[in-house]
Amino acid sequence: MLSRMMPDAHEALKDLRRQLHAYPELSGQEVGTATCLREFLLPCQPTRLLERIGGHGLAVVFAAPNGAPGPTVVLRAELDALPITETATPPHASRNPGVGHLCGHDGHMAALCGVALRRRERPLVRGRLVLLFQPAEETGQGARQVAEDPRWQDLAVDHCYAIHNLPGYPLGQVLVREGPFTAGSVGLIVRLQGRTAHAAYPEQGLSPALAMSRLVTGLVQMPTTVATESDLALVTIVHAQLGDVAFGTSPGRAEIMATVRADREETLTALRERAAAIAREEAARDGLACELEWVEEFPVTANDDLAVTVVRSAAGARGLACAEPDESPFRWSEDFGWLIRDCTGALIGLGSGVDQPVLHAPDFDFPDELIPLAGQLYDGILTELGLLPPT
Ligand SMILES: [Zn+2]
């Protein structure tokens, strides 16, 4: 386990990041990660610790020691790793087979712990700071579960910010934009039920093969038929299965999975309604039973104008270059949008190097040099919002 208060804060944070990287945990299973963070953060003497928030989440509250009133500001990192085998072989490579911190959440957690470490020497002058270590980001469940927790609602959050590292951009470049920053998405599972028969007498059964084929085509072509002003309206077939591998059997069931994605909530809703209608129509045409399930729902994460201004000022004051991301918005999804539905906030990209492997690549490893840069940006935001005195 980690030694608590190392003389060199950066070394302590680097060690913490590598420790977290070595023991990654999947969404909804982040027990060890939460315990590790709790032990690291307790010596920072937070005002309150909210454990098991939204699952295995942890919220660490620091109030201004003088009790001066002010806004409640949340900074958020994610606890979970991915079900992908790490192929890189650093000394801190994953010890958990088939699971890897390949999205950099280990680095995000370390950066947030740095914010806590610095509160001893530079305490808040007003308001409250909440460091939220959110579970289950990768499945789109964690932020929503946190937002629905009565303890979160009691916090009455005013502002909420999160940094996500972005490969392909220069190390430490701040990437931010007003409005939609990441797309909304939702997973659709369609189950078609017919009746199996001998493959020699398919007419005695009810095969979903043709309906499945029409449905795959219909879903992929659907975005072009939904009237929209969006720049992004996309359906991706991610999985399909018809019957079993049995050459003597005409199949009786099929399962099709697709991810629906858009840059506006209205478009996402229209795509969902159309997808459900197509599935029901195609099933009914062949007399099949049809069951729909929606999973892994991520809202569009749209940044607040004022919050973006705060980020740009904070970056400028710390000498961090600021730019707009290449994609508008990013096609990938983030569940952070659930956390800024009732407060102002922004999701911020922070370049993790032009040659860095892409997010979720099997050889991704968060660059340790980014930990202090993310920390500077967070401290800058707290300064802009008046929780920390100007430097
Ligand atoms: Zn991520």
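Residues numbered from 1 in each chain as written. Predicted model: local features only at pLDDT ≥ 70, side-chain atom pairs only at ≥ 80, totals over all residues.

1. Thoughts on the environment of A68
Looking at where A68 falls in the secondary structure, it is placed in the loop between β2 (57-63) and β3 (72-78). Given 13 C-beta atoms within a 10 Å radius, A68 is considered partly exposed. In sequence terms A68 and E25 are 43 residues apart; their C-alpha atoms lie 39 Å from each other. Those residues within four positions of A68 in sequence are excluded, and the remaining contacts are V125 and R126. (Helix = DSSP H or I, 4+ residues; strand = E, 2+ residues; numbered from the N terminus. Buried ≥ 20, exposed ≤ 12 C-beta atoms within 10 Å, placed from the backbone. Contact = placed C-beta atoms within 7 Å.)

2. Thoughts on the sheet that holds strand β4 (residues 128-134)
Sheet architecture is open: 8 strands sit in the order β1-β2-β4-β3-β5-β16-β6-β14, paired in mixed fashion. Looking at strand neighbours, the two that pair on one side only are β1 (48-53) and β14 (322-323), the edges of this open sheet. The pairing of strand β5 (residues 159-166) with strand β16 (residues 344-351) spans 8 bridges and is classified as parallel. Pairing of C160 across the sheet is with G345, part of β16. (Pairing = 2+ DSSP bridges.)

3. Examining the pairing of β3
Buried residues dominate β3, accounting for 6 of its 7 residues. The sheet contact formed by β3 and β4 spans 7 bridges and is parallel. What sits directly across from V73, in β4, is L129. Since β3 and β4 lie parallel, the crossover through helix α3 (residues 105-117) that links them has a hand, and here it is right-handed. Summarising the sheet, β3 and β5 pair through 4 bridges and their orientation is parallel. Opposite V74, over in β5, you have C160 as the bridge partner. (Right-handed = clockwise from strand over helix to strand, strands pointing away.)

4. Let's talk about the domain arrangement of the protein chain
You can read the domains of the protein chain as domain 1 (9-178 + 304-384) and domain 2 (183-298). Between domain 1 and domain 2, the C-alpha centre-to-centre distance is 36 Å. The partner domain 2 presents 9 residues to the 10 residues of domain 1 that form the contact. (Domains from an automatic or database assignment.)

5. Considering the environment of G104
Topologically, G104 is positioned in the loop between β3 and α3. Given 29 C-beta atoms within 10 Å, G104 falls into the buried group. When sequence neighbours within four positions are dropped, the list of residues in contact with G104 reads N165, S352, F364 and F366.

6. Some points on unusual backbone geometry
That bond from S328 to P329 is cis: its omega, -10 degrees, falls within 30 degrees of zero. By the secondary structure assignment, P329 is in the loop between β14 and β15 (330-333). Backbone geometry places Q45, a non-glycine residue, at a positive phi of 55 degrees. The residue H360 is not glycine, and still its phi comes out positive at about 75 degrees. When you line up the elements, H360 lands in the loop between β16 and α9 (370-384).

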